[in-house]
Amino acid sequence: MKPKGVELRRIRMPLVAPFRTSFGVERTRDVLLLRVATDDADGWAECVAMSDPRYSAEYVDGAADVLTRFLVPALAAAADTVARLGAPAVAPALAAFRGHRMAKAALETAVLDAELRAEGRPLARELGAVRDRVPCGVSVGIMDSVGELLDAVAGYLDAGYVRIKLKIEPGWDVEPVRAVRERFGDDVLLQVDANAAYTLADARQLARLDPFDLLLIEQPLDEEDVRGHAELARLVTTPVCLDESITSARAAADAIAIGACSVVNVKPGRVGGYLEARRIHDVCVAHGVPVWCGGMLETGLGRAANVALAALPGFTLPGDTSASDRYYRTDITEPFVLADGHLPVPTGPGVGVEPLADELAAVTTATEWIPF
Ligand SMILES: CC(=O)N[C@@H](Cc1ccc2ccccc2c1)C(=O)O
Ligand SMILES: [Mg+2]
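Fair warning: this is a prediction, and the values are worked out from it, not measured in the lab.

Draft legend 1. How the structure looks around the site of ligand 1. The environment of ligand 1 is made up of 20 residues, and the closest members are Ser139, Lys165, Lys167, Asn195 and Gly295. Contacts to ligand 1 include Asp193, whose side-chain N or O atom sits 3.0 Å from an oxygen atom. Coverage of ligand 1 by the protein chains reaches 100% of its 440 Å² of free accessible surface. Elements supplying a minimum of two residues to the shell around ligand 1: strand E1 (3-21), strand E2 (24-38) and strand E6 (163-167).

Now the structure itself:
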């Protein structure tokens, strides 16, 4: 499996509805896809970076640039080692360049997909999956009114989602949570995600969420304020979950050690790929910390790989592995369709799906081929 070249492809995917969080509103995804051509098989991957550096420091033009100028040439230089050792050799080949975990994750994943396709092995099998379907939650954006929110939640519960996650921000937190509890009852699995919109000075306000029996409160404080999360965890009873702060297995171990989180949202793109994501899973399991698979509004390409990861034993909470139609009218792969609140784990080689030629062509805005 020797890499021969990389195609960078940009696609434009309109969302079925605007998705509002504490850091902005997303209406259309501008996604970077990678295809690694090898002498055996092609591998595909999706870079999860947003258009703007609002979720984290990465953004899609920056990812394309760092891949073109630094990461793809480094892979080319290490092609023989990667041919011998496979995907585990990719991260070391890129280590000279700091950061850019989403860009690195895409490149590693495309190589991993090619390697597994060449061997006929499913990603789920490679990662250690123990389930053939995973329970799915859904992330619900901030809305213009509580009424609109309740209608959206009703629709998702009717669709079969087993867990509801509400985006919150100062001014939109206790009221929507109370309204969902009053309308849908105490048995609905319910959690919130602040995307780092609060500070420790908001502890009293966040403690007002305690009576609502939430599964967790996700990333209430700044990505870099890990100690602040440990302080907050002593001031609220809702379990604290980290997302943006957990950039590696080491970061997970450190956060758990200081009591900054008791749940972790695992996102392969955020941490540099599926191999590091599995290491985070292993660290969390060793500490008795449940993990769940987060989402970055992926197309079916990223979604397929996330569902495989969500089938590992430590993923004991429903993730944001929603169906394709949560975000897109038409996916670029066969759509993921919710069945009894679950998505099936792909069984094909590699990530188990590949782009549909016509759908991919219809959304492609640019391609660039980089031969080795
Ligand atoms: C499903 C969910 O809530 N995902 C992120 C937030 C998020 C929101 C909007 C996004 C838009 C483009 C790309 C990534 C994005 C991630 C989270 O868990 O924090
Ligand atoms: Mg989050």
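Draft legend 2. Just the side chain of Asn195, in detail. Within the secondary structure layout, Asn195 lies in the loop between strand E7 (189-193) and helix H8 (203-207). Judged by its relative accessible area of 8%, Asn195 falls in the buried class. Only 2.7 Å separates the side chain of Asn195 from the side chain of Lys167, close enough to count as a polar contact. Residues in contact with Asn195, not counting those within four places in the same chain, are Thr21, Ser22, Phe23, Tyr55, Lys167, Glu218, Gln219 and Glu244.

Draft legend 3. The arrangement of the coordination of the magnesium ion (ligand 2) in detail. Only Asp193 (OD), Glu218 (OE) and Asp243 (OD) from the protein reach the magnesium ion (ligand 2) as donors, at distances of 2.1 to 2.2 Å. Look at where the donors of the magnesium ion (ligand 2) fall in the sequence and you get D-x24-E-x24-D. Of the two residues, Asp193 is situated in strand E7 and Asp243 in the loop between strand E9 (240-242) and helix H10 (249-257); the sequence distance between them amounts to 50 residues. Judged by its relative accessible area of 0%, Asp243 falls in the buried class.

Draft legend 4. Quick look at the sheet that holds strand E13 (residues 364-371). Across the sheet, which stays open at both edges, the four strands sit in the order E3-E2-E1-E13 with antiparallel pairing between neighbours. On the outer flanks of this sheet lie strand E3 (42-47) and E13, each paired with one strand and no other. On average, adjacent strands in this sheet sit at an angle of 20 degrees to one another, irrespective of strand direction. Across seven bridges, E1 lies against E13 in antiparallel orientation.

Draft legend 5. Here's a closer look at unusual backbone geometry. With phi around 55 degrees, His100 is a residue other than glycine that occupies positive phi space. If you trace the backbone, His100 turns up in the loop between helix H3 (90-94) and helix H4 (101-119). Even without glycine at this site, Asn195 takes up a positive phi of about 45 degrees.

Draft legend 6. Focus on the pairing of E2. Bridge count between E1 and E2: 14 bridges; the pairing is antiparallel. Its bridge partner lying in E2, Glu7 is registered against Arg35. Sheet topology places E2 next to E3; six bridges connect them, and they run antiparallel. The partner of Val36 across the bridge, within E3, is Gly43. Counting the residues in the hairpin turn of E2 and E3 gives three residues.

Draft legend 7. Seen up close, helix H9 (residues 226-233). Those residues of H9 lying buried are Gly228, His229, Ala230 and Leu232. For H9, the secondary structure elements touched by its buried residues are H8 and E9.

Draft legend 8. Just the sheet that holds strand E5 (residues 137-140), in detail. The strand order across the open sheet formed by seven strands is E5-E6-E7-E8-E9-E10-E11, and the pairing between neighbours is parallel. Each edge of the sheet is formed by a strand with only one pairing partner; in this case those strands are E5 and strand E11 (291-293). Pairing analysis gives two bridges linking E9 to strand E10 (residues 263-266), with the strands arranged parallel. In the strand pairing of E10, Cys241 is matched with Val263.

What counts as what
Residues numbered from 1 in each chain as written. Chains lettered and ligands numbered in written order. Predicted model: local features only at pLDDT ≥ 70, side-chain atom pairs only at ≥ 80, totals over all residues. Heavy atoms only, no water. Near = heavy atom within 4 Å. Polar contact = N/O pair within 3.5 Å; in protein donor to acceptor, adjacent residues only side chain to side chain. Areas by Shrake-Rupley, 256 points an atom, 1.4 Å probe, with all protein chains shown as cover. Helix = DSSP H or I, 4+ residues; strand = E, 2+ residues; numbered from the N terminus. Buried < 20%, exposed > 50% of the residue type's maximum accessible area, 1.4 Å probe, protein only. Contact = heavy atoms within 4.5 Å. Donors = N, O, S within 2.8 Å, 3.2 Å for Na, K, Ca; no water. Pairing = 2+ DSSP bridges. Axes fitted to C-alpha atoms, helices over the stretch in contact; angles between N-to-C directions.

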